[in-house]
Amino acid sequence: MKIAIFVSGRGSNLKAILDSRENKPQVEVKAVVSDKIDCPAFTVAKQFSILTYSVGNNYGCINNDELIKNLQSLDIELIVLAGYLKLIPNKLLSFYKGKIINIHPALLPSFGGKGMYGMNVHKAVFESSAKVSGVTIHFVDETYDTGKIIAQQCVDISNVVSPEEIAERVLKIEHTLLPFIVGKFAEGKIDYVGNRVVVN
Ligand code: GAR
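Remember, predicted model here, so these are calculated numbers, not experimental data.

Draft legend 1. Looking closely at the packing of aromatic side chains. Scanning the entire structure with this criterion turns up three aromatic pairs. Relative to Tyr84, the ring of Phe6 lies with its centre 5.3 Å away and its plane at 75°, an arrangement referred to as edge-to-face. Taken together, the positions of Phe6 in strand β1 (residues 2-7) and Tyr84 in the loop between β4 (78-81) and α4 (90-95) put the pair 78 residues apart, joining distant regions of the chain. We note that Phe6, like Tyr84, is buried. Aromatic side chains Phe139 and Tyr192 sit 6.2 Å apart centroid to centroid with 15° between the ring planes, which places their arrangement in the stacked category. Residue Phe139 is found in strand β6 (residues 132-139), and its partner Tyr192 is found in strand β8 (residues 190-193); the two are separated by 53 residues along the sequence. Three or more aromatic residues link up through ring pairs in this structure, and these residues are Phe139, Phe185 and Tyr192.

Draft legend 2. Representation of unusual backbone geometry within the structure. Looking along the chain, the bond that leaves Leu108 and enters Pro109 is cis, with omega of 10°. The phi dihedral of Asp75 is positive, around 60°, even though this residue is not glycine. In this fold, Asp75 is placed in the loop between α3 (64-73) and β4. For Phe111, which is not glycine, the phi torsion reads 60° and is therefore positive.

Draft legend 3. Up close: the packing of helix α5 (residues 119-128) against helix α6 (residues 163-186). Contact geometry for α5 and α6: axes closest at 8 Å, N-to-C directions at 115°. The crossing of α5 and α6 is right-handed. In this structure, α5 contributes Met119, His122, Lys123, Val125 and Phe126 to the contact, and α6 contributes Pro163, Glu164, Ile166, Ala167 and Val170. Grouping the amino acids of the contact of α5 with α6 by side-chain chemistry returns seven nonpolar, one polar and two charged.

Draft legend 4. Representation of the site of the ligand in the model. Residues in contact with the ligand amount to 13 residues; listed here are only the nearest, Arg10, Gly11, Ser12, Gly118 and Glu174. For the ligand, an oxygen atom lies 2.9 Å from a polar atom in the backbone of Gly118. The fraction of the free accessible surface of the ligand (450 Å²) that becomes covered by protein chains is 92%. Only α1 (12-19), β5 (100-104) and α6 provide two or more residues apiece to the shell around the ligand. Residues of the shell around the ligand, tallied by class, amount to five nonpolar, six polar and two charged.

Draft legend 5. Main features of α3. The set of residues buried in α3 consists of Leu67, Ile68 and Leu71. The arc enclosing the buried residues of α3, seen along the axis, measures out at 100°, which places them on a common side. Pointing more than 90 degrees away from the buried face of α3 are the exposed residues Lys69 and Ser73. Close packing links the buried residues of α3 with β1, β2 (28-34), β4 and α4. Of the residues flanking the start of α3, the one acting as N-cap is Asn63, its side-chain oxygen 3.1 Å from the backbone nitrogen of Asp65. Where α3 ends, the next residue or the one after it, Asp75, has phi of about 60°, a positive value.

Here is what the cut-offs are and how they apply
Note that residues are indexed from 1 along each chain, following the sequence as it is written. The predicted origin of the model limits local features to residues at a pLDDT of at least 70 and limits the giving and counting of side-chain atom pairs to 80 or more, whereas totals for whole chains, interfaces and linings rest on all residues. Side-chain measures were taken over the full set of non-hydrogen atoms in the model, leaving aside hydrogen atoms and water. Only Phe, Tyr and Trp rings take part, Trp by its six-membered ring, and two of them pair if their centres are within 6.5 Å. Stacked means planes under 30 degrees apart, edge-to-face means over 60, and tilted covers everything else. Under the DSSP-based scheme used, a helix requires at least four consecutive residues in state H or I and a strand at least two consecutive residues in state E, with every element numbered from the N terminus. Burial classes follow relative accessibility: with a 1.4 Å probe on protein chains only, a residue under 20% of its type's maximum area counts as buried, one over 50% as exposed, and anything between as partly exposed. Only the stretch in contact is used when fitting a helix axis, every axis being a line fitted to C-alpha atoms; angles between N-to-C directions are given from 0 to 180 degrees. Crossing handedness: left-handed means the near helix sits turned counterclockwise from the far one by under a right angle, and right-handed means the same turn made clockwise. What makes two residues a contact is simply this: any of their non-hydrogen atoms within 4.5 Å. Residue polarity is assigned by list, with Asp, Glu, Lys and Arg as charged and Ala, Val, Leu, Ile, Met, Phe, Trp, Tyr, Cys and Pro as nonpolar; anything else, Gly included, falls into the polar class. We call a residue near a given molecule or strand whenever any one of its heavy atoms falls within 4 Å of it. In the analysis that follows, any N or O atom pair within 3.5 Å is treated as a polar contact, provided that within protein one partner can donate a hydrogen and the other can accept it, and provided that, for residues neighboring in sequence, both atoms belong to side chains. Surface exposure here means Shrake-Rupley accessible area, sampled with a 1.4 Å probe, where a residue is shielded only by the protein chains that are shown. For this quantity, the arc is that covered by the directions from the helix axis to the C-beta atoms.

Geometric descriptors of this kind do not, in isolation, establish any biological role.
This is how it looks when you write it as structure tokens:
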């Protein structure tokens, strides 16, 4: 399965997917796309000789129509948002309907929505005094963090003393759950039963 990974920052989830390629030879990362001109995740992509694209209005960026053309010419079958912080434009959504997934560092439908990304999420979880947090992988629709949930894994945070500690525990899970679910897509093992998404 040919996939594109969208990023905005560090790229540790991108790296986790790339490092798991031996386990999942059927997953081929063909492009890394960012809303930034440059970001640490691009360095990861370049180490693996993967094409990178910046989307936006700045010099050196491509626009959304050009992005769609490029993704189509690469035969991209799945788009993975791994720390990508922008909304996906409707045109791209309709071209890749049901084929865009996102990883969120908390248990949706709590602690999601606009502005809830990265440490903002972990700070909110910490302030709420919640005793569990976790990871959600879900389909992407036209609003933040509202698409159908594909997979979740929780982690005990009852004894943490900082949001950073929550982030560390959650990220560790992200790095195994995301490659696992991407592999399941490649194997054709993600199905719907009624309104529920099932991982076989
Ligand atoms: C990850 O923790 C991911 O779950 C989060 O951004 C981080 C990116 O890290 N995504 C969101 O908060 C989306 N709402 P990475 O660049 O090292 O993969």
